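Here is what each chain is made of, one letter per residue.
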Amino acid sequence: MSRRQRLRLILVLGSLIAVGPLTIDMYLPALPAIVDDLATSSAAVQMTLTGTLVGLALGQLLIGPLSDAVGRRTPLIAGTALHVVASVCCALAPNVAVLGALRVVQGLGAAAAAVIAMAVVRDLFSGAAFAQLLSRLLLVMGAAPILAPTLGSELLRWTQWRGVFAALAVFGVLLMLIALLGLRETLPPARRQRGGVRPTIRLYRSLLRDRAFVGLVLVAGLAMAALFAYVGGSSFVLQQHYGLDEQQFGIAFGAGAVGLIAATQGNVRLLRRYSPQRILLAALLVGTGAALVLLGVAATGLGGLPALLASLWVVLASAGLALPNAPALALTRHGEAAGTASALLGAVQFGIGALAAPLVGVLGTGAVAMALVIAVGLASALVVLLLVVRPTRLATVEPELVAVAAH
């Protein structure tokens, strides 16, 4: 593959990777406006975020095996078309119940892009080239959540919240054109799976019998729950309780995401000196401590907004270390079933995240509610790591393999 072809592939796959974060985060600055426009509660609106996460979770379980059986392009184009239709319908939603249901469908469509992008990388590359390309895509995965709320807040300068979903529909159409013109089929018929449903179920069952794997998946899911508690609650906390406008919220949200990205990038360097088990344990210890400080700041108001943002930054940076290493350790245990293991891991992460996001709204959408869910998520992840996974009993894993899986 020439340098020009590789660059084009990175741009295509980067566009696919960006669909999920844009779908999740782009409308966050508009959540309070949706509450007012649809005459509903903040908890009900946060359920629309849950719907997206549920769709992403189910979509990964379904689309992963499907793409192994029929190839990559067909599920990608069909999923993107579904995302476009759902985005248009979201823009026309008459009430929050319809919006929530449509967000599930939108999440299903977004899952196709994420799954296919990773599958294409596995189809075309291995070894050092595999790790190098994934490093490039990781920057896109990190930048998209930063840009999404900022793009959303800028759109809200001249349109209402419905315009955000119209923009997502336009992006989906462009993505379909990119996929049709710039991405060839990467899984030839000879390499496709023909096992059917029963072998897939048996494979999932064998993964669930591995105690350490299940524990690591739960650790990753609980860490993701803390992250989505922040994603689901931050717009209400920072705008309604601390008085930030939509543009200021976009900047504050982006600053937190910078901490998370910096940690994920620094993780590659740390892996040269420390085992992933030690990094994961240290990240959860620091993250749990920072989350307890966050809870104290939220409950007492001590230090005001600067103290809240500082403790949130440490929490997000800790999550940036935990989230790559827990999945990496899990996936390196089952290299013979990496695709299925990755689908199960993604489904659990988004599934638990789907439960955490509305919980902030149920508890009141205040700073204390958000901080409490974050603290419980990280503390629970630490407990599962110590009691279920038992990191000292994990086999030694080559740092290169972990670095690849962590991406």
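Here goes a summary of the coordinates provided. This is a predicted model, so every value here is computed, not measured.

### Quick word on the overall build of the protein chain
On a plain count of helices and strands, the protein chain comes out with 15 helices and zero strands. Counting all 407 residues of the protein chain, 55% fall into the buried class. When the accessible area of the protein chain is evaluated, it comes to approximately 16900 Å², of which 67% is carbon and sulfur surface.

### Observations concerning the pattern of salt bridges
In the structure shown here, the tally under the stated rule is two salt bridges. Residue Arg162 pairs with Asp37 through a salt bridge whose shortest N-O separation is 3.7 Å. Placement of the pair is Arg162 in helix H7 (residues 161–182) and Asp37 in helix H2 (residues 31–37), with a sequence separation of 125 residues. The partner of Arg157 in a salt bridge is Glu154, with the nearest N and O atoms 2.9 Å apart.

### Here we look at empty space enclosed by the protein
Tallying each qualifying case throughout the model produces one cavity of 30 Å³ or more. Of the volumes computed, that of the largest cavity is approximately 30 Å³. Lining the largest cavity, in full, are Ala223, Ala226, Leu227, Tyr230, Val315, Leu316, Ala319, Ile374 and Leu378. Counting only elements with at least two residues in the lining of the largest cavity, the list comes to helix H9 (211–241), helix H12 (304–331) and helix H14 (367–389). Looking at which element gives the most residues to the lining of the largest cavity, the answer is H9, with four residues.

### Considering a positive patch on the surface
On the surface, Arg198, Arg202, Arg205 and Arg209 cluster together into a positively charged patch. Note on Arg198: relative accessible area 67%, which makes it exposed.

### Here we look at the packing of aromatic side chains
Summed over the entire model, instances satisfying the criterion amount to four aromatic pairs. Measuring from ring centre to ring centre gives 5.7 Å for Phe249 and Phe253, while their planes differ by 50 degrees; the resulting arrangement is tilted. Residue Phe249 and its partner Phe253 are located together in helix H10 (residues 246–270), separated by four residues, close to a single helical turn. On the basis of relative accessible area, Phe249 is assigned to the buried category, the value being 0%.

### As for a nonpolar patch on the surface
Judged by side-chain polarity, Val170, Val173, Leu174, Leu177, Leu180 and Leu181 come together as a nonpolar surface patch covering roughly 580 Å² of accessible area. Positionally, Leu174 belongs in helix H7. Look at Leu174 and you get partly exposed, because its relative accessible area is 48%.

### Points about the packing of helix H3 (residues 42–70) against H9
It is the contact of H3 with H9, at a shortest axis distance of 11 Å, that shows an interaxial angle of 145 degrees. Crossing handedness for the pair H3 and H9: right-handed. Counted together, Ser42, Gln46, Leu49 and Leu53 of H3 and Phe228, Val231, Gly232, Gly233 and Phe236 of H9 form the full contact between these two elements.

### Quick word on helix H4 (residues 73–91)
It helps to recall that an α-helix has 3.6 residues per turn; residues three or four apart then point in one direction. The end-to-end C-alpha separation of H4 is 27 Å, in line with the 27 Å expected for 19 residues at 1.5 Å each. All buried positions along H4 are accounted for by Pro75, Leu76, Gly79, Thr80, His83, Val84, Ala86, Ser87, Cys90 and Ala91.

### Quick look at the side chain of Gln247
Within the secondary structure, Gln247 is located in helix H10. Apart from residues lying up to four places away in sequence, Gln247 is in contact with Ser153, Glu154 and Arg157.

### Details of the nonpolar core
In this structure, Val219, Leu280, Leu284, Leu308 and Ile374 are the most contacted members of the largest nonpolar core, which totals 125 residues. Counting residues per element, this core draws most heavily on H9, which supplies 19 residues. Apart from the residues lying within four places of it in its own chain, the contact partners of Ile374 are Ala226, Ala229, Tyr230, Ala291, Leu294, Leu312 and Val315.

### Re the packing of helix H11 (residues 276–300) against H14
Two elements in contact, H11 and H14, have axes separated by 8 Å at closest approach and are oriented at 155 degrees. Overall, the two elements H11 and H14 adopt an arrangement that is roughly antiparallel. When the axes of H11 and H14 are compared, the crossing they make is left-handed. Across the interface between the two elements, Leu280, Leu281, Leu284, Leu285, Gly287, Thr288, Ala291, Leu292, Leu294, Leu295, Ala298 and Ala299 of H11 pack against Ala367, Val368, Ala371, Leu372, Ile374, Ala375, Leu378, Ala379, Ala381, Leu382, Leu385 and Leu386 of H14. A per-class count over the contact of H11 with H14 returns 22 nonpolar, two polar and no charged.

The rules behind the values
- Residues numbered from 1 in each chain as written.
- Predicted model: local features only at pLDDT ≥ 70, side-chain atom pairs only at ≥ 80, totals over all residues.
- Heavy atoms only, no water.
- Helix = DSSP H or I, 4+ residues; strand = E, 2+ residues; numbered from the N terminus.
- Buried < 20%, exposed > 50% of the residue type's maximum accessible area, 1.4 Å probe, protein only.
- Areas by Shrake-Rupley, 256 points an atom, 1.4 Å probe, with all protein chains shown as cover.
- Salt bridge = Lys/Arg side-chain N within 4 Å of Asp/Glu carboxyl O.
- 1 Å grid on protein atoms, 1.4 Å probe; cavity = no way out; pocket = protein on both sides within 12 Å on 5 of 7 lines; lining within 4 Å.
- Points joined across faces, edges and corners; volume = space filled by probe spheres on them.
- Patch = residues over 30% accessible without salt bridge, like charges linked within 9 Å, V, L, I, M, F, W, Y side chains within 5 Å.
- Lys, Arg positive; Asp, Glu negative; His and termini not counted.
- Charge placed at Lys NZ, Arg CZ, Asp CG, Glu CD.
- Phe/Tyr/Trp six-rings, centres within 6.5 Å; stacked < 30°, edge-to-face > 60°.
- Axes fitted to C-alpha atoms, helices over the stretch in contact; angles between N-to-C directions.
- Left-handed = near helix turned anticlockwise from the far one by under 90°.
- Contact = heavy atoms within 4.5 Å.
- Expected span 1.5 Å × (residues − 1).
- Core = buried A, V, L, I, M, F, W, Y, C linked by side-chain atoms within 4.5 Å.
- Parallel < 35°, antiparallel > 145°, perpendicular 65-115°, else oblique.
- Nonpolar A, V, L, I, M, F, W, Y, C, P; charged D, E, K, R; others polar.

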